[in-house]
Amino acid sequence: MASTANNASRIELEGDLTIERVTALRQSIVEAQPVQISLSGVERVDLAGVQLLVSVHKSLADPQHAPLFCDVPDAVASQVQQLGLDVDLFAAGGQA
């Protein structure tokens, strides 16, 4: 885990963001406050993964700090849009 310019921890998510991983990931994210999450290494996301992102965003987003999510890959942005959610929620500062 690296640090960002505003002293937030930076978590680099990789691989699949699926139901099998969300519980452990949520715990890691909560323990790393403040946190910025890079989604650049995420290859696949399912509904549980999107639910995790929404939950983390709602509970941890702080408008005075760096964007909570960054480097959003097209695959994640596409899945978010297919679910009828606003991809800008996840793409602030990223590349959706």
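Refer to the structure printed above.
A short tour of the structure in this document, coming up. (Residues numbered from 1 in each chain as written. Predicted model: local features only at pLDDT ≥ 70, side-chain atom pairs only at ≥ 80, totals over all residues. Heavy atoms only, no water.)

## Quick word on the overall build of the protein chain
And step 1. Scanning the protein chain from terminus to terminus reveals 4 helices and 4 strands.
And step 2. In sequence order, the secondary structure elements of the protein chain are arranged as β-β-α-β-α-β-α-α.
And step 3. Here the protein chain, with 96 residues, has 38% of them falling under the buried criterion.
And step 4. Across the protein chain, the fraction of contacts at a sequence separation of at least 24, relative to all contacts at a separation of at least 6, is 67%. (Helix = DSSP H or I, 4+ residues; strand = E, 2+ residues; numbered from the N terminus. Buried < 20%, exposed > 50% of the residue type's maximum accessible area, 1.4 Å probe, protein only. Contact = heavy atoms within 4.5 Å.)

## Quick notes on the pairing of strand β2 (residues 9-17)
And step 1. For β2 and strand β3 (residues 35-45), the ladder comprises 8 bridges, and the chain directions are parallel. In the sheet register, Glu14 faces β3, and the bridge partner there is Gly41.
And step 2. Crossover β2 to β3 through helix α1 (residues 22-31) is right-handed. (Pairing = 2+ DSSP bridges. Right-handed = clockwise from strand over helix to strand, strands pointing away.)

## Some words on the pattern of salt bridges
And step 1. Inspection of every chain in the model, using the stated rule, returns 3 salt bridges.
And step 2. Of the charged contacts in the structure, one is a salt bridge between Arg10 and Glu12, with a shortest N-O distance of 2.6 Å.
And step 3. The exposure class assigned to Glu12 is partly exposed, which follows from its relative accessible area of 42%.
And step 4. Among the ionic pairs, Asp71 bridges to Arg10, the shortest N-O distance being 2.6 Å. (Salt bridge = Lys/Arg side-chain N within 4 Å of Asp/Glu carboxyl O.)

## Let's talk about α1
And step 1. Within the sequence span of α1, burial applies to Val22, Leu25 and Ile29. Looking straight down α1, one finds its buried side chains confined to an arc of 65°; they lie on one side. Facing away from the buried side of α1 by over 90 degrees, the exposed positions are Thr23, Ala24 and Glu31.
And step 2. Summarising the contacts, the buried residues of α1 are in contact with β2, β3 and α2 (47-60). (Arc of directions from axis to C-beta.)

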